[in-house]
Amino acid sequence: MKHLEEKIFKVIMICAAIIIFGVLVYIITTVFYRGLPALSLDMITKLPGGGFYLGKEGGVLNAIVGSLYIIIGSLAISIFISVPLVMYINFYLPAKSIFSSLIRFSLDILFGIPSIVYGAFGFALMIFLGVRASLLGGILTVAMLIMPIMMRSFDEITRLLSHDLPDALLSLGATKYEMIKVILRQLMPGLVTAILLAVGRGIGDAATVLFTAGYTDNIPASLNQPAATLPLSIFFQLGSPVEEVQNRAYASAIILTVIILILSFSARYFGSKFSKHKI
Amino acid sequence: MILTNQHQASGIHDSFIELNKAITLKKLIATQSIRIENLDVYIENQHILRDINLTIPEKSITCIIGPSGCGKSTFLKTLNRMHDESPEVKISGKVFVDDENIYGSHVNVIDTRKKMGLLAQRPCPLPMSIFENVAYGPRIHGIKKRKAVNQTVIQYLQYVGLWDEVRDRVRTSATRLSIGQQQRLCLARGLAIEPEYILGDEATSALDPLSTKKIEELFVKLKEKYTIILVTHTLRQAKRIADHIIFMYLGKIIEAGPTEEFFNNPKKQLTREYLSGSFS
């Protein structure tokens, strides 16, 4: 009987693993099967020409650059706010502080809010302030979307840090700020993971940037010009009745995937470089 | 100065007398370094340390022994104000270090901690190279000149007997050292901030016998210059290296005195039971 239980459970686990892997393989083959023939150098080096969405020539450079601008900008903002916040609730507030559980609770809620709500909120805010859809609007809204993800995952990793390191530093007569600087070195891989999770969510999201960043066939030259993004570019190309353009949407999806891969590999590389003396 | 000493002599606890029985009062005044008066510690309304009155003689090794949960580590933490980080801990009483109450209102906690080198149970190297680990303390306390820092690092690595083992890899990560080497590195790191006291919280309990022996030998060497207070679980270790023993039970000091007298001729019934292994 026990033996049977063991076997059944093992089969369930193997099935789960196969399903996940299968779905991944299915998505990737579809994207590559349809996108690879349409992928060309023009796609990544040219702006969309006139009639691009009807099958004329051009590329999605506008969306690549726009997406990178937005993700880099929003990452900068969220790192700048997340790191101090996480350090504060972990090392400055007492362990059982009501305030820190309140912050964690609000982050959990923010985490679960759908991105279209952030988009709508950002849009409403921009109307109130009289700002047009722009790169800045997109950066701020995406920052709002990814901040809870970054904070919550960085917080989880920080909470796992043993008390030995802060205690050792404080007993050497370090001030709290000096302590935080050393702790951050130790936490660098954790921060990189948190950033990667945030990038994955932020760069692929269409709903937040739909109203706030707008869309354009050009590369934005300043923060108050609209910016194109890859998810929206894919959306518009898929909406075209021309099959060739639809295939270009898959090619754009490949580009988006490769960008995420490059970002995550380089982040892992620099993360491990910074933390070569990790405990 | 004389007033405080009289006051102290009048409000004296019997453990205090026992600890310094062999020493005349005059000599005692000259050698006292840490003096604790009416110390009570509460953690979340639990009375952890009860009315501790004690003088710890300088330039010697004092071992605190007692069963788990008797407040040994809590006591040690009161000496370098590490309880400051936990708001649930309430402390009353006075702890005089070099005749200054470290719980006084004008005391700078950084200065107090700088006087106390702490050696924790498990070695915790900083996420830096071996060199940077030892250099960290002097640097945050204002020694910036490269030559001076280099000199300090080499001096203390030599002092703990680590220099010859690591001289060709001081720029590599400290975590690659063996655990015994790490503990000696932590000791060197603590010594580099030039403390007057060394606190050890079961500093050898995670180490193998050989590394333990090295650390113990270092303690014996260090007592020429420093006052050493060790919390230990092993009676044999206390017997080997301590000059004075403090026996604690349920947050109280039961008995304190010179090592030989303590082990050969314990005064209290509870001490005899503990030493004979009736409870631990």
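Preceding block: the structure.
The sections below set out a description of the structure shown in this document. Please read all numbers here as calculations on a predicted model, not as lab measurements.

Bringing the overall build of chain B into the picture now. Tallying secondary structure elements over chain B gives 13 helices and 10 strands in all. Taking all 280 residues of chain B together, 44% fall into the buried category. Counting contacts in chain B only where the partners sit at least 6 residues apart, residues at least 24 apart contribute 69% of the total.

All names here are of chain A. At a closest axis distance of 10 Å, the pairing of helix H7 (residues 164-171) and helix H8 (residues 176-203) adopts a crossing angle of 150°. With respect to the hand of their crossing, H7 and H8 are arranged in right-handed fashion. Two secondary-structure elements touch here, H7 through Leu-165, Pro-166, Leu-169 and Leu-170 and H8 through Met-179, Val-182, Ile-183 and Gln-186.

Each side of the interface is counted separately: chain A has 20 residues, and chain B has 25 residues. Within the residue set of the side of chain A that touches chain B, elements represented by two or more residues are H7 and H8 of chain A. Ranked by residues supplied to the side of chain A that touches chain B, first place goes to H7 of chain A with six residues. Each residue belonging to the side of chain A that touches chain B can be placed in one class, and the counts come to eight nonpolar, six polar and six charged.

Here two bridges tie strand S4 (residues 89-97) of chain B to strand S5 (residues 100-101) of chain B, and the two strands are oriented antiparallel to one another. The residue bridging Phe-96 of chain B from the neighbouring strand is Asn-101 of chain B, located in S5 of chain B.

Let us now look at helix H1 (residues 2-35) of chain A. The first and last C-alpha atoms of H1 of chain A sit 49 Å apart over 34 residues, in line with the 50 Å expected at 1.5 Å per residue. Sparse coverage of H1 of chain A is indicated by the burial of one of its 34 residues.

Looking now at the sheet that holds strand S9 (residues 244-249) of chain B. The strands making up a sheet are joined through hydrogen bonds of the backbone, oriented either antiparallel or parallel. Residues and elements named next belong to chain B. Spatially, the six strands line up as an open sheet ordered S6-S7-S8-S3-S9-S10, and their pairing is mixed. This sheet does not close on itself; its edge strands, each paired only once, are strand S6 (116-119) and strand S10 (252-258). Taking each pair of neighbouring strands and ignoring which way they run, the sheet shows an average axis angle of 15°. In terms of strand pairing, strand S7 (residues 197-201) meets strand S8 (residues 227-231) through five bridges, oriented parallel. Residue pairing in the sheet places Asp-201 in a bridge with Val-231 of S8. Packed onto the sheet, helix H4 (residues 72-79) meets strand S3 (61-65), S6, S7, S8 and S9 and runs at close to 150° relative to S8.

Thresholds, definitions, all that
- Residue indices follow the written sequence of each chain, beginning from 1 at its first position.
- Each chain takes a letter, starting from A, and each ligand takes a number, starting from 1, following the order in which they are written.
- Local features in this predicted model are restricted to residues of pLDDT 70 or higher, and side-chain atom pairs are both shown and tallied only at a pLDDT of 80 or more, whereas totals for entire chains, interfaces and linings draw on every residue.
- Helix and strand definitions follow DSSP, with helices as H or I runs of at least four residues and strands as E runs of at least two, each counted in order from the N terminus.
- With C-beta atoms placed from the backbone, a residue is labelled by how many other C-beta atoms lie within 10 Å of its own: buried for 20 or more, exposed for 12 or fewer, partly exposed between the two.
- What counts as a contact here is a pair of residues whose C-beta atoms, placed from the backbone, lie within 7 Å.
- For helices, the fitted line uses only the C-alpha atoms of the stretch in contact; every axis is such a line through C-alpha atoms, and the angle between N-to-C directions lies from 0 to 180 degrees.
- Rotating anticlockwise by less than a right angle from the far helix to the near helix defines a left-handed crossing, while the corresponding clockwise rotation defines a right-handed one.
- Lys, Arg, Asp and Glu make up the charged group, whereas Ala, Val, Leu, Ile, Met, Phe, Trp, Tyr, Cys and Pro make up the nonpolar group; the residues left over, Gly among them, are polar.
- A pair of strands is treated as paired once DSSP finds two or more bridges between them.
- What a helix should span is 1.5 Å times the count of its residues minus one.

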